[in-house]
Amino acid sequence: MKKIALFVAMVVAILASYSMAFAYKNTILVDGKPFYYNVPDITIKVAGQNFDTGKTPPLILKDSTLIPVRVISEKGFGAKVEWDDKTKSVTITKDKTVRLTIGSDVALVDGKEVKLVAPARIIGIGNEGYTYIPFRFLFETFGYKVEWDQKNYQINAASPPKIANITSFTTSYNNGVFSVNITADSPIKYSQGVIEDPGNIRIYVDIENAIWDKGRIDIPINKKSLVNAVIAQNQTQPVPKVRAVIYLTDVVPYNITKSQDSTNLTISFDIGTSYVTGISFAKEGDYDKVIINCDAEQFNTQKVGDNKIVVDISDAILKMPDGSKAGQIPVQGNVITAIRYSQYNNDTVRVVADTTGKADYSVRILDKNIIMLVLKSQPNEMPLIYIDPGHGGSDPGAIGVGGLRESDVVLGIALKLNSLLTKGGFRTTMSRDSDVFIDLVTRSQEANNAGADVFISIHTNAFGTPTPKGTEIWYYPNGYKGDTRDNKTFAQIIHDNLMKEINTVDRGLKEGPNLSVLNKTKMPAILIETAFITNPDDAALLQDDAFQWKVAQGIYNGIVEYFKKLKEGSISATVSNSVYDTNNTNSNP
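Worth saying up front: this structure is predicted, and the values here are computed from it rather than measured.

**Q** An account of the pattern of salt bridges is requested, with residue identities and associated values reported.
**A** The final tally for this structure, using the stated rule, is 21 salt bridges. The partner of Arg121 in a salt bridge is Asp31, with the nearest N and O atoms 2.8 Å apart. Separated by 90 residues along the polypeptide, Arg121 in strand β12 (residues 121-125) and Asp31 in the loop between β1 (25-30) and β2 (33-38) bring together distant segments of the chain. We classify Asp31 as partly exposed; its relative accessible area is 47%. One salt bridge in this structure joins Lys115 and Asp105, with 2.8 Å as the shortest N-O distance. Of the two residues, Lys115 is situated in strand β11 (residues 112-115) and Asp105 in the loop between β9 (96-101) and β10 (106-109); the sequence distance between them amounts to 10 residues. Take Lys115: its relative accessible area is 60%, and that puts it in the exposed class.

This is the structure in structure tokens:
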């Protein structure tokens, strides 16, 4: 009797187990055809809680787990769902717009195509038809992290994390520590990494589930090995991500810390402090030589009027033998009459060479000293042209039709321009004459330190589609932020001469206040987008040696005309202190 009772109990348990495992049995219509469905029940848990889909249960068809669109979108996500019977498509709207077409394995998410593992389809249950799609696509599109539990036939979905809005991206310097600061309106979750190439180190921080709505922001640093800091929206799908990158030329110790509430992230670099320990003067033939004893790696130069050359040494403390924080050294040079120095602000030492009149100069670092060579300007000396072929080395620039590299094309044009200029008697300096990487700050700084008369950056344009084509020239807006350069006149003269030589679409002049090589240079500066490397017609021209010579000739002709008009006095050129110098330009040491 006991054995019979035990046997009956075992049978009941097995049947109960079988009934639970295959609870959903029904004849359904799949693509209009009857199908007897007998597959284990699928449950959905969102944040650990059961999600009931009512009379439209999740289904497994042809190894794909499908879920009903309307009940999950409306009840689960609070989204609006619309059916278009004419196109047999369903549209889901909440923060983003998702469109699915019955029978298609491609969905549109905010207009962009996304491939599905199985097509959207109509499943007939009872007397009604319901739209079903792959479960993972729907959940992940709306920000849920989702997993499939094969053992328990269960979909586990974690609610989307709260989106953090990045509210500020700033830098600061204090006592030898340079910091990049990121602030958000809710806790920050991040990952980090380092990409190392010779002379080009990038430290990046990826902030997950974050939005930065101010576009790409580039903050020049120019302290020791730190070049600049950049922030931008790295991706929006499947989850939004913001990336901050700090560019360096060499390894610098750093650490990343978060505030107690995790809403502020600080990347700190220990760059130390340099000391200026002495200043001396010597005459070497026609040259005046100023020697600044220091271990600094970074400095900026500027010319103020015709009688003052300024060197600002960053991250530096004045530590003269007599302990003075300001002073003057009278000299009798070929052109220099006095050297003045001071602790300009907490982390900058300023050295000024007063001259009797116009002077040419160059400044460089040699054996832990900053050397300034000054020569009285020669009345008939030809202008100095700084030629900047964009990109190079680890940065190939845009990749165009047939794998054509921007860095290769613009170098070819730049070398041809350099040849024409030197034959024409001009003095020239190039940011690069081979395939090497040069950071943006160095390009403008070299031109400033060399006292170049004009700056010409050569690039090719690019776009996501092959349609756009043509030539355009960018310049820093006249008068913007107090800039005193007449950049537009320079750009217009180059443009007019260039378009006479080449037969491309004329896209005219463009204002580029955020372009580093334009807003960090002192002299009139332009950036030439010669043609679109992504357009088949333009790309064919860019590869043509004869076309490159025409581009170079057009630029050369424009330079000749520009300096001819300067000499005649029909136009004027000034060197700007306002853009490059972040200190108080009215303060003298």
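**Q** Can you lay out the environment of Leu108 for me, pointing to particular residues and giving the numbers?
**A** If you trace the backbone, Leu108 turns up in strand β10. Distance from Leu108 to Thr91, taken between C-alpha atoms, is 9.3 Å for residues 17 residues apart in sequence. Discounting residues that sit within four places of it in the chain, Leu108 has contacts with Thr97, Val98, Arg99 and Glu113.

**Q** Pulling in residues and values, what's your account of helix α9 (residues 545-568)?
**A** End to end, α9 covers 35 Å across 24 residues, agreeing with the expected 34 Å (1.5 Å per residue, within 8%). Along α9, the positions that sit buried rather than exposed are Phe547, Gln548, Val551, Ala552, Gly554, Ile555, Tyr556, Gly558, Ile559, Tyr562 and Phe563. Where α9 is buried, its residues contact β36 (384-389), α4 (406-423), β38 (454-461), α6 (487-501), β41 (525-532) and α8 (536-542). Phi for Gly569, located one or two positions after α9, is positive at around 90 degrees.

**Q** Can you lay out the pairing of strand β3 (residues 43-46) for me, pointing to particular residues and giving the numbers?
**A** Residues Ile44 and Val46 point to one face of β3 and are all buried, whereas Thr43 and Lys45, pointing to the other face, are not buried. Here β3 pairs with strand β4 (residues 49-50) via two bridges, running antiparallel. Looking across to β4, one finds that Lys45 is bridged to Asn50. Counted along the chain from β3 to the antiparallel partner β4, the turn is two residues long, and its residue Ala47 has a positive phi close to 55 degrees.

**Q** Talk me through the sheet that holds β11; I want residue IDs and the actual numbers.
**A** Strand order across the open sheet formed by five strands is β7-β8-β9-β10-β11, with antiparallel pairing between neighbours. Every interior strand has two partners, whereas the edge strands, β7 (80-84) and β11, have only one. Across the sheet, the mean angle separating the axes of adjacent strands is 25 degrees when strand polarity is ignored. With six bridges joining them, strand β8 (residues 89-94) and β9 adopt antiparallel strand pairing. Pairing of Ser89 across the sheet is with Thr101, part of β9.

**Q** Can you break down the pairing of strand β15 (residues 154-158) residue by residue, with the values?
**A** Pairing analysis gives four bridges linking β3 to β15, with the strands arranged parallel. The residue of β15 that forms the bridge with Thr43 is Gln154. Pairing of strand β14 (residues 145-149) with β15 involves five bridges; the strand directions are antiparallel. Paired with Trp148 across the bridge in β15 is Ile155.

**Q** Any chance you could break down the sheet that holds β3 for me, citing the residues and the numbers?
**A** Strand pairing in a sheet is mediated by backbone hydrogen bonds. Such pairs are either parallel or antiparallel. If you trace the four strands from one edge of the open sheet to the other, you get β4-β3-β15-β14, paired in mixed fashion. Edge positions in the open sheet fall to β4 and β14, since each of these has one partner strand only.

**Q** Which residues make up the packing of α4 against α9, and what values go with them?
**A** At their nearest, the axes of α4 and α9 sit 8 Å apart, and the two run at 50 degrees to each other. Taken as axis vectors, α4 and α9 run oblique relative to one another. Viewed along their axes, α4 and α9 form a crossing whose handedness is right-handed. Of α9, the residues touching α4 (which contributes Val409, Gly412, Ile413, Lys416, Leu417, Ser419, Leu420 and Leu421) are Asp545, Gln548, Trp549, Val551, Ala552, Gln553, Ile555, Tyr556 and Ile559.

**Q** Can you lay out the side chain of Ser457 for me, pointing to particular residues and giving the numbers?
**A** Tracing the backbone through its elements, the reader meets Ser457 in strand β38. With relative accessibility at 0%, the residue Ser457 sits in the buried group. Reaching out from Ser457, the side chain makes a polar contact with the side chain of His459 at a distance of 3.1 Å. Ignoring anything within four residues of it in the chain, the contact list for Ser457 reads Asp388, Val517, Ile526, Leu527 and Ile528.

**Q** Tell me about the packing of α6 against α9, and please be specific about residues and values.
**A** Put simply, α6 and α9 touch, their axes get as near as 7 Å, and they point 140 degrees apart. The angle between α6 and α9 places the two elements in the oblique class. Of the two elements, α6 crosses α9, and the hand of that crossing is right-handed. Of α9, the residues touching α6 (which contributes Phe490, Ile493, Ile494, Asn497, Leu498 and Glu501) are Lys550, Val551, Gln553, Gly554, Ile555, Asn557, Gly558, Ile559, Glu561, Tyr562 and Lys565. When grouped by side-chain class, the residues that make up the contact of α6 with α9 number eight nonpolar, five polar and four charged.

**Q** Can you explain helix α5 (residues 440-450)? Please cite residues and give values.
**A** Looking only at α5, the buried set comprises Val441, Arg443, Ser444, Gln445, Ala447, Asn448 and Asn449. For α5, the N-terminal cap is Asp439; the gap from its side-chain oxygen to the backbone nitrogen of Val441 is 3.1 Å. One or two steps after α5, the chain reaches Gly451, where phi turns positive at roughly 70 degrees.

**Q** Please give an account of the packing of aromatic side chains that cites residues and values.
**A** On inspection of all chains with the given rule, the structure shows 13 aromatic pairs. An aromatic cluster is present here, built from Phe426, Phe490, Tyr556, Tyr562 and Phe563 joined pairwise through their rings. The side chain of Arg243 reaches across the aromatic face of Tyr204, ending 4.3 Å from its centre. One Lys or Arg, Arg350, reaches over the ring of Tyr344 and ends 3.9 Å from the middle of that ring.

Definitions and cut-offs
Residues numbered from 1 in each chain as written. Predicted model: local features only at pLDDT ≥ 70, side-chain atom pairs only at ≥ 80, totals over all residues. Heavy atoms only, no water. Salt bridge = Lys/Arg side-chain N within 4 Å of Asp/Glu carboxyl O. Helix = DSSP H or I, 4+ residues; strand = E, 2+ residues; numbered from the N terminus. Buried < 20%, exposed > 50% of the residue type's maximum accessible area, 1.4 Å probe, protein only. Contact = heavy atoms within 4.5 Å. Expected span 1.5 Å × (residues − 1). Pairing = 2+ DSSP bridges. Axes fitted to C-alpha atoms, helices over the stretch in contact; angles between N-to-C directions. Parallel < 35°, antiparallel > 145°, perpendicular 65-115°, else oblique. Left-handed = near helix turned anticlockwise from the far one by under 90°. Polar contact = N/O pair within 3.5 Å; in protein donor to acceptor, adjacent residues only side chain to side chain. Nonpolar A, V, L, I, M, F, W, Y, C, P; charged D, E, K, R; others polar. Phe/Tyr/Trp six-rings, centres within 6.5 Å; stacked < 30°, edge-to-face > 60°. Lys NZ or Arg CZ within 6 Å of the ring centre and 35° of its normal.

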